[in-house]
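Spelled out from the first residue to the last, the chains are:
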Amino acid sequence: MTRTGFYAKGGHPGPYQHLAEEFDRRLKALQTAGEIPDPRDAHIARLKSENTKLKERISDRDSAIDELTSFKTLAISQLAAQHDEIKRLRSGHPNRATSAACPPRPPR
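The structure displayed is predicted, hence computed values, not measured ones.

**Q** I'd like to hear about the overall build of the protein, residue by residue, with values.
**A** Within the protein, the secondary structure is distributed over three helices and zero strands. The burial tally for the protein puts 4% of its 108 residues in the buried class. Of the accessible surface of the protein, which amounts to about 10200 Å², a share of 58% is contributed by carbon and sulfur atoms.

The following block contains the structure:
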């Protein structure tokens, strides 16, 4: 059976014209039902869906990276400020013990 047997020739139906008509009928029924019978169309739809999911994942990861970068910047800033304060306290009174500079605890 050749493919040309499905098509009309010179106004006469091909010997397998009934199969071509059956195929077209089934294809239209599947399309009406919302199914995608063409594997290329199904593949394109799957890739589009996957692309959308990947874009969402990238967006989520970008947000997480931004949050972590902000946290890191804040943590480094706080550590630098604490280090400067420790250096200042150590250099301010070299002969005194640091515990003497603290006020006494209130009684309980």
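Read on, since the account is not over.
**Q** Give a description of helix H1 (residues 17-32) that names residues and reports values.
**A** With 16 residues, H1 ought to run about 22 Å at 1.5 Å a step, and its terminal C-alpha atoms sit 23 Å apart, in line with that. Looking at the residues trailing H1, positive phi occurs at Gly 34, about 95°.

**Q** Report on the pattern of salt bridges, specifying residues and quantitative values.
**A** For the structure shown, the criterion picks out four salt bridges. Between Glu 50 and Arg 46 there is a salt bridge, with its nearest N and O atoms 3.2 Å apart. With Glu 50 and Arg 46 both in helix H2 (residues 39-92) and four residues apart, the pair spans about one turn of that helix. We classify Glu 50 as partly exposed; its relative accessible area is 37%. A residue is classified by how much of its surface remains accessible, and Arg 46, at 43% relative accessible area, is partly exposed. Note that Arg 88 and Glu 85 form a salt bridge whose closest N and O atoms lie 2.6 Å from each other. Of the two residues, Arg 88 and Glu 85 are both situated in helix H2; the distance of three residues between them amounts to about one turn of the helix. Under the relative-accessibility criterion, Arg 88 is labelled partly exposed at 48%.

Conventions adopted
- Counting of residues starts from 1 at the beginning of each chain's written sequence and follows it residue by residue.
- Given that the model is predicted, a residue must reach a pLDDT of at least 70 before its local features are reported, and side-chain atom pairs must reach 80 or more before they are shown or counted; all residues, however, enter totals for whole chains, interfaces and linings.
- Heavy atoms from the whole structure form the basis of all side-chain values; hydrogens and water molecules are not counted.
- Where helices and strands are cited, they refer to DSSP runs of H or I of at least four residues and of E of at least two residues respectively, numbered from the N terminus.
- Burial status follows relative accessibility: with a 1.4 Å probe on protein chains alone, a residue under 20% of its type maximum counts as buried, one over 50% as exposed, and anything between as partly exposed.
- Accessible areas in this description were obtained via Shrake-Rupley with a 1.4 Å probe; residue shielding takes into account the shown protein chains only.
- The length a helix should cover is 1.5 Å for every residue beyond the first.
- Each salt bridge in this description consists of a side-chain nitrogen of Lys or Arg and a carboxyl oxygen of Asp or Glu lying within 4 Å of one another.

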